[in-house]
Amino acid sequence: MAFPVTRLRRLRRTAELRNLVTETRLTPDAFVYPMFVCSGEGVRKAVRSMPGVFNLSVDEAVKEAQEVHSLGVPSVILFGLPDKKDEVATGAWADDGIVQQAARAIKREVPGLILMGDVCLCEYMSHGHCGIVKSTFTPKSLGAAVMDAVKPSQRVLAVKGKNREEEDKAIKAAVSAAAHAVQTSFEIDNDSSLELLARTSVSLAKAGIDIIAPSDMMDGRVAAIRRALDEATLINTPILSYAAKFASGYYGPFREAADSAPQFGDRRSYQMDGANLREAMREIEADIEEGADMIMVKPALPYLDVIAAARSRFDLPLAAYQVSGEYAMIEAAAQNGWIERDRVMMESLLSIRRAGASIILTYYAKDAARLLA
Ligand SMILES: [Zn+2]
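Residues numbered from 1 in each chain as written. Predicted model: local features only at pLDDT ≥ 70, side-chain atom pairs only at ≥ 80, totals over all residues. Heavy atoms only, no water.

1. Structural notes on the overall build of the chain
Assigned secondary structure in the chain consists of 15 helices and twelve strands. Dimensions of the chain, computed from the C-alpha atoms along their principal axes, are close to 90 × 55 × 45 Å. Evaluated residue by residue, the chain yields a buried proportion of 49% over its 373 residues. When the accessible surface of the chain is split by element, carbon and sulfur atoms take 53% of a total near 18200 Å². The centroid of the 45 positive side-chain charges in the chain is displaced by 5 Å from the centroid of its 49 negative side-chain charges. (Helix = DSSP H or I, 4+ residues; strand = E, 2+ residues; numbered from the N terminus. Buried < 20%, exposed > 50% of the residue type's maximum accessible area, 1.4 Å probe, protein only. Areas by Shrake-Rupley, 256 points an atom, 1.4 Å probe, with all protein chains shown as cover. Lys, Arg positive; Asp, Glu negative; His and termini not counted. Charge placed at Lys NZ, Arg CZ, Asp CG, Glu CD.)

Put into structure tokens, the structure is as follows:
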């Protein structure tokens, strides 16, 4: 039945009619609010690239958690900023780790709030990678690598500075040798990282974290975490796996918030290539087989098709993370007066919901909940 019998505008005439036929509804109980916890007392340190987002000491995190809960948002996800970083991510799994402290305090003061714990090592590693870094060839210093790449005759000339041309050649060779050594001399070791991730998960669950959310993208980590939780009799602790997490430019502001930028290289050897939808389905399938209770796609807005595909293919509760860069773009444009902030905020959340995510991790959880009240 076509026009003029069919007129789609009939049901758009009034706000009441539009509301009656709306297909997708946002409610605060779909939201999870991310929080960054640091040491100290009374600390509320603004994250420059994420207006309205702060690094919070445990006491301030408790206040924030109370506010989140009072707005009808059922859950927060905790990230930690440890005082010290090292090569085995001690701060991630220590009993007195910063997230463990925050979890105990929030559980005590706001028992009705669901606590998610992000499980990764990057915030706690001195090198900022999500797993254990291993050298891929016989370790040799940068200096030794340079010396190997430059001929002895050039070395003499370079040192003596007699021949300008030879000297330049020697310096160029040294620089490229150094760059090459840095590029090829490390690997994020998958299997040895699993033990630390499992240990972290058990420690967080014991501290009161309700849902373990591994974000590292190591192969086999869901199985390793499930096994460790069960062995520790934490059989009722669910796993929300960041199953399809893409290597993304949208994480930039988060790295400031969580102080977790890699000191060398990038994360493309473990996070997914943004071009691959079929591989994302394999990642999700693998995590489900390993025992994930819920799955997540991250980032959200540039990967709505991945969310939609995951929704139609898998029956587990599906989460999506509206990441720091998505938030920062809206905030920046709004501050310039180029867009209506609240309108774009709600539209972006609605699109994630419409794509099929039932749970949305978002820095807008509080503001959106206020608008929906
Ligand atoms: Zn990480």
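Picking up where we left off.
2. Structural notes on unusual backbone geometry
Cis geometry marks the peptide bond from Phe3 to Pro4; its omega dihedral reads 10°. In this chain, Lys298 is followed by Pro299 through a cis amide linkage whose omega measures -10°. If you trace the backbone, Pro299 turns up in the loop between strand E10 (294-298) and helix H12 (304-313). The residue Met217 is not glycine, and still its phi comes out positive at about 70°.

3. Looking at the coordination of the zinc ion
In the first shell of the zinc ion, the protein supplies Cys120 (SG), Cys122 (SG) and Cys130 (SG), at 2.3 Å from the metal. Taken in sequence order, the residues that donate to the zinc ion follow the motif C-x1-C-x7-C. (Donors = N, O, S within 2.8 Å, 3.2 Å for Na, K, Ca; no water.)

4. Points about helix H8 (residues 190-207)
Across its 18 residues, H8 extends 26 Å between first and last C-alpha, which sits within 8% of the 26 Å expected from 1.5 Å per residue. Positive phi shows up at Gly208, right after H8, with a value of about 115°. (Expected span 1.5 Å × (residues − 1).)

5. Remarks on a nonpolar patch on the surface
Residues Leu11, Leu20 and Val21 make up a contiguous nonpolar surface patch of about 290 Å² in total accessible area. Note that Leu20 resides in helix H1 (residues 15-20). On the basis of relative accessible area, Leu20 is assigned to the exposed category, the value being 66%. (Patch = residues over 30% accessible without salt bridge, like charges linked within 9 Å, V, L, I, M, F, W, Y side chains within 5 Å. Salt bridge = Lys/Arg side-chain N within 4 Å of Asp/Glu carboxyl O.)

By themselves these figures say nothing about function.
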